[in-house]
Amino acid sequence: MGTASYVLMGTKEGMEKSFGSTCHGAGRSLSRAKSRRTLQANDVLDHLKKLGISIRIQTSKLAMEEAPETYKDVHEVIDTAHRAGLSKKCLRLRPIAVIKG
């Protein structure tokens with residue numbers, strides 16, 4: 001929600017190693033329940049606002065469940081897939097808006 005997204009391209013090596021599959025997200029580091037117990041919705045929304053990210057959410061619960069800190073470091077995940085030859089980094093996208101609900 002508050003971190004970069006990447007466009008990846010498949011590789012021949014990735015096809016051989018993983019049938020052309022690569023990561024489709026960073027993966028959670030906190031469960032949804034734990035994020036609701038440990039984060040405050042207003043803190044998450046304020047943090048995103050400071051980053052210049054506009055957000056529209058249906059419930060504050062979603063802000064806590066999808067907060068950037070609930071996910072693994074996307075840059076590390078993508079770099080690992082890239083170094084392993086599973087996919088090639090093509091483009092990094094910076095978030096400007098998020099709609100959840």
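The present account deals with the structure reproduced in this document. What you see is a predicted model, and the numbers here were worked out from it, not measured in a lab. (Residues numbered from 1 in each chain as written. Predicted model: local features only at pLDDT ≥ 70, side-chain atom pairs only at ≥ 80, totals over all residues. Heavy atoms only, no water.)

Remarks on the overall build of the protein
In plain terms, the rule: The helix count covers DSSP runs of H or I at least four residues long, the strand count covers runs of E at least two residues long, and both are numbered beginning at the N terminus. Throughout this description, buried means an accessible area under 20% of the type-specific maximum (1.4 Å probe, protein chains only), exposed means over 50%, and partly exposed covers the range between. Contact between two residues is taken to exist if any of their heavy atoms lie within 4.5 Å; hydrogens are not considered. Areas reported as accessible are Shrake-Rupley estimates using a 1.4 Å probe. Residue values count occlusion only from the protein chains shown. The charge count includes Lys and Arg as positive and Asp and Glu as negative, but it does not include His or the ends of the chains. By convention, charge coordinates are those of NZ in Lys, CZ in Arg, CG in Asp, or CD in Glu.
Tallying secondary structure elements over the protein gives 5 helices and 4 strands in all. Listing the helices and strands of the protein from first to last along the sequence gives β-α-α-α-β-α-α-β-β. Taken along the three principal axes of its C-alpha coordinates, the protein extends 45 × 25 × 20 Å. Counting the 101 residues in the protein, one finds 29% classified as buried. Sequence-distant contacts, at least 24 apart, represent 82% of the contacts inside the protein between residues at least 6 apart. With an accessible surface of roughly 6800 Å², the protein has 53% of that area assigned to carbon and sulfur atoms. Charged side chains in the protein number 18 positive and 10 negative. The centres of these two groups are separated by 3 Å.

Remarks on a nonpolar patch on the surface
Cut-off, in case you're wondering: Distance thresholds for patches are 9 Å for like charges and 5 Å for nonpolar side chains (Val, Leu, Ile, Met, Phe, Trp, Tyr), applied to residues having over 30% relative accessible area and no salt bridge. Between Lys or Arg on one side and Asp or Glu on the other, a salt bridge is scored when a side-chain nitrogen of the former is within 4 Å of a carboxyl oxygen of the latter.
On the surface, Val7, Leu91 and Leu93 cluster together into a nonpolar patch covering about 230 Å² of accessible area. Note on placement: leucine 93 falls in strand S3 (residues 87-93). Judged by relative accessible area, which is 38%, leucine 93 ranks as partly exposed.

With respect to helix H5 (residues 74-83)
Keep this limit in mind: For this quantity, the arc is that covered by the directions from the helix axis to the C-beta atoms.
Looking at H5, one finds that the buried residues are Val74, Ile78 and Ala81. One face of H5 carries all of its buried residues, which in axial projection span an arc of 60 degrees. For H5, exposure combined with an orientation more than 90 degrees from the buried face picks out Glu76 and Arg83. Where the residues of H5 are buried, they touch strand S1 (5-10) and S3.

Everything listed here is a matter of geometry and, on its own, says nothing about what the molecule does.
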